[in-house]
Amino acid sequence: MAIAHLVSQKVQEVHFVNKLTKQGQIQLDSSFTFNVNFAKDGKRCIAKVYQSIKDKNGGEELFVSVDLIGAFSCQGIDSDEDKKQVHAQCYDQLFPYIQSTVQSLMQASGIPGFQLRKAVINADNVQVAQQQPRQEEEPPKPQFPIV
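All figures in this text were calculated on a predicted structure; none of them were measured in a lab. (Residues numbered from 1 in each chain as written. Predicted model: local features only at pLDDT ≥ 70, side-chain atom pairs only at ≥ 80, totals over all residues. Heavy atoms only, no water.)

Student: Can you walk me through the overall build of the protein in this structure?
Tutor: The number of helices and strands found in the protein is one helix and four strands. When burial is assessed residue by residue, the protein has 31% of its 147 residues classed as buried. Relative to all contacts within the protein whose residues are 6 or more apart in sequence, the contacts with residues 24 or more apart total 68%. (Helix = DSSP H or I, 4+ residues; strand = E, 2+ residues; numbered from the N terminus. Buried < 20%, exposed > 50% of the residue type's maximum accessible area, 1.4 Å probe, protein only. Contact = heavy atoms within 4.5 Å.)

Shown next, in the form of structure tokens:
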């Protein structure tokens, strides 16, 4: 069985706008992306989650986005199916950190008790992209001054 262990995580980028003028309920849209890039040896991976929340008016009144990156050590990755399992494990381990970050921002802006919905990620709904071999780039041609 493939296993991922979170080694470190960090918030890479945050954007926040709160121009709400009155208390009450607001309709929100939420979206996220999640990608995992594996080292060639299969022993390490980097996962990146982007989560955004905005009001249904296009984010003019409320907008929050967070990019979070996690570094993982991995064991037992021998196939694409193993990568799918690790992909889901990485999300499960990073979600509490993105939840905490968004919750702290919302609390500080006067919106207490905000909870993100955790996405259901498992091996059945993960796609593994094949890494394309890197093409050798031509070295830059030397430029000489015109005399």
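Student: Whenever I open this one, the layout of surface pockets confuses me. Can you help?
Tutor: To find leftover empty space, a probe the size of one water molecule is rolled over the atoms. There is about 340 Å³ of room inside the largest pocket. The wall of the largest pocket is formed by 17 residues, among which Leu20, Lys22, Gln23, Gly24 and Ile26 lie closest to the centre. Looking at the lining of the largest pocket residue by residue, the classes come out as eight nonpolar, seven polar and two charged. Estimated volume of the second largest pocket: approximately 280 Å³. (1 Å grid on protein atoms, 1.4 Å probe; cavity = no way out; pocket = protein on both sides within 12 Å on 5 of 7 lines; lining within 4 Å. Points joined across faces, edges and corners; volume = space filled by probe spheres on them. Nonpolar A, V, L, I, M, F, W, Y, C, P; charged D, E, K, R; others polar.)

Student: Could you clarify how one ought to interpret the environment of lysine 43 in this entry?
Tutor: Along the chain, the position of lysine 43 falls in the loop between strand 2 (28-38) and strand 3 (44-55). For the pair lysine 43 and alanine 4, spaced 39 residues apart in sequence, the C-alpha to C-alpha distance is 9.0 Å. With residues near it in sequence (within four places) discarded, lysine 43 still touches Phe72, Ser73 and Cys74.

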